[in-house]
Amino acid sequence: GGFSGAQVFIGRSDGEPARVYKVGPRDEIAGERFGNERVRRVLGDVVPRLLAWQEGTELAGMKLELAERSNEKLNGPLTFKQLYEADPSEAATTLLERTLDQVLDGALGRFYRVAEKDNADLLELYGFVDRQGRARFGESVNRKVEAVARECGFASAAKLLESAEWQGSWMAPAEFYGKWLPGRSMTREVLPSLVHGDLNLANILLTHTAEASAPERVWIIDFARLQRLPNLTDFAKIENDLSYILWKVEDEAAFKRAQRLQEIRLGGGQLELPELLEEAQTPQEKRYARLMGLLRGIAARVA
């Protein structure tokens, strides 16, 4: 069950539709149940229906509808991530674009567009520091990145990052968490709204017909992290997945190309990035640039 550590099952019985059963820590399951109930009143059947739940002193469980295709002619349901990785075709790219548009503009956009201006310390809001300005999670992050560096044959994470020859300024995680972050604030004007909070590309599901240019139906699942945050939070999560999880780097030349595109993405002063598509060369790069262009375009409309 991903971040929550819950157990997830599919239950089937004769003559009855299959159901999803989720069992885990009481607070985690309760958070997801409340999130599911809250958004389904607005989003309708884009969110699988909660059918039953039970709470104990430590554990809780939920019974939910299972996202299923309505007829045998449809493909899926499959996650956005599965479709992206399985089908590199132009038709699939268009299908992915239409899916993102339905999820971010058509469904969750109902929340994003009613955001009202406020001020917030982003470092505290996103959990980098606590209310006293103390850095959080630094020790665990440093342990992990140092282990990765050693596995790659480097003496430290700093040496690994130096080898990448990134343009501009950067710092190793140990310096970021140990020196730069403690006591720092980053207060900005924001547009808070309800956000999914964990909109990774495995939490978006769809069904479609063969060679379809749009999904037959989409679902958004796992609202355990539903909360009020700046309304571009979900966009940033998807951008992270597209940039660092779905991007496949096969060799040194591909790494340099990916690095160049990330420098364009991170260096732009505006949300929209037309130069990203101009720079893209390979089919993977062009798909990435198209999806990023769509993502940033929707973000610009709600920001």
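Heads up: these notes are all about the structure in this document. (Residues numbered from 1 in each chain as written. Predicted model: local features only at pLDDT ≥ 70, side-chain atom pairs only at ≥ 80, totals over all residues. Heavy atoms only, no water.)

### So, the overall build of the chain
Put simply, the test is: Numbering of helices and strands runs from the N terminus; a helix is a DSSP stretch of H or I covering at least four residues, while a strand is a stretch of E covering at least two. Atoms counted for the radius of gyration: C-alpha only. Globule rule: 2.2 Å times the number of residues to the power 0.38. Classification of residues uses two cut-offs on accessible area relative to the type maximum, computed with a 1.4 Å probe and protein chains only: under 20% is buried, over 50% is exposed, and between them is partly exposed. The contact rule is simple, with two residues in contact once any of their heavy atoms fall within 4.5 Å. To be clear on the numbers: accessible area is Shrake-Rupley with a 1.4 Å probe, and residue cover counts the displayed protein chains and nothing else. Neither His nor the chain ends contribute to the count of charged residues, in which Lys and Arg are positive and Asp and Glu negative. The atom standing in for a charge is NZ when the residue is Lys, CZ when it is Arg, CG when it is Asp and CD when it is Glu.
Helices and strands together make up the secondary structure of the chain, namely 12 helices and 11 strands. The C-alpha atoms of the chain give a radius of gyration of 21 Å, which matches the 19 Å a tight globule of 303 residues would have. For the chain, the C-alpha atoms occupy an extent of roughly 60 × 50 × 45 Å along the three principal directions. Evaluated residue by residue, the chain yields a buried proportion of 41% over its 303 residues. Intrachain contacts of the chain at a sequence separation of at least 6 include 68% that bridge at least 24 residues. Of the roughly 16800 Å² of accessible surface on the chain, 50% is carried by carbon and sulfur atoms. The distance from the centre of the 41 positive side-chain charges to the centre of the 46 negative ones in the chain is 3 Å.

### Considerations on the nonpolar core
Test applied: Put simply, a nonpolar core is a bunch of buried Ala, Val, Leu, Ile, Met, Phe, Trp, Tyr and Cys residues held in one set by side-chain atoms that sit within 4.5 Å of each other.
Phe80, Leu104, Leu108, Leu199, Ile238 and Leu242 are the most contacted members of the largest nonpolar core, which has 48 residues in total. Among the elements that line this core, the one with the most residues is helix α12 (residues 283-302), at 8 residues. Not counting residues up to four positions away in its chain, the partners in contact with Leu104 are Gly109, Tyr112, Leu199, Phe235, Ile238, Leu295 and Ile298.

### Topic: the sheet that holds strand β10 (residues 217-220)
Selection rule: Two strands pair under a simple rule: DSSP has to find at least two bridges between them. Lines fitted to the C-alpha atoms define the axes, with helices restricted to the stretch that makes contact. Angles between their N-to-C directions range from 0 to 180 degrees.
An order of β5-β9-β10 is seen for the 3 strands of this open sheet, with the pairing classed as antiparallel. Edge strands, defined here as strands with exactly one partner in the open sheet, are β5 (75-79) and β10. Neighbour to neighbour, the strand axes of the sheet diverge by 15° on average, direction disregarded. As judged from the 3 bridges shared by β5 and strand β9 (residues 204-208), these two strands associate in the antiparallel manner. Bridge pairing links Thr79 to Leu205 in β9. Contacts from helix α3 (residues 90-107) reach β9 and β10 within the one sheet, and its direction differs from that of β9 by about 125°.

### Thoughts on the packing of aromatic side chains
For clarity, the threshold we go by: Only Phe, Tyr and Trp rings are paired, with Trp represented by its six-membered ring, and only when their centres lie within 6.5 Å; those with planes under 30 degrees apart are stacked, over 60 edge-to-face, the remainder tilted. The rule for a charge over a ring is simple: NZ of Lys or CZ of Arg within 6 Å of the ring centre, and within 35 degrees of the ring normal.
Enumeration over the complete set of coordinates arrives at 5 aromatic pairs. Here Phe176 and Tyr177 contribute two aromatic rings whose centre-to-centre distance is 5.0 Å and whose plane-to-plane angle is 90°, an arrangement assigned as edge-to-face. Residue classification places Tyr177 among the buried positions, given a relative accessible area of 14%. A centroid spacing of 5.4 Å and a plane angle of 15° characterise the contact between Phe176 and Trp180, whose relative ring orientation is stacked. Of this pair, Phe176 and Trp180 both sit in helix α8 (residues 173-180), 4 residues apart, which is roughly one turn of that helix. Overall, Trp180 belongs to the partly exposed group, its relative accessible area being 24%. An aromatic cluster is defined as three or more aromatic residues linked by ring pairs; in this entry it consists of Phe128, Phe176, Tyr177 and Trp180. In this arrangement the basic side chain of Arg287 is found over the ring face of Tyr84, its NZ or CZ atom lying 4.9 Å from the centre.

### Description of a nonpolar patch on the surface
Just so we agree on the cut-off: A patch consists of residues whose relative accessible area exceeds 30% and which take part in no salt bridge; residues with like charges are grouped when within 9 Å of each other, and nonpolar side chains (Val, Leu, Ile, Met, Phe, Trp, Tyr) when within 5 Å. The term salt bridge refers to a side-chain nitrogen of Lys or Arg lying within 4 Å of a carboxyl oxygen of Asp or Glu.
The grouping of Phe9, Tyr21, Val23 and Leu59 at the surface amounts to a nonpolar patch, some 350 Å² of accessible area in total. One can find Val23 in strand β2 (residues 16-25). Judged by relative accessible area, which is 35%, Val23 ranks as partly exposed.

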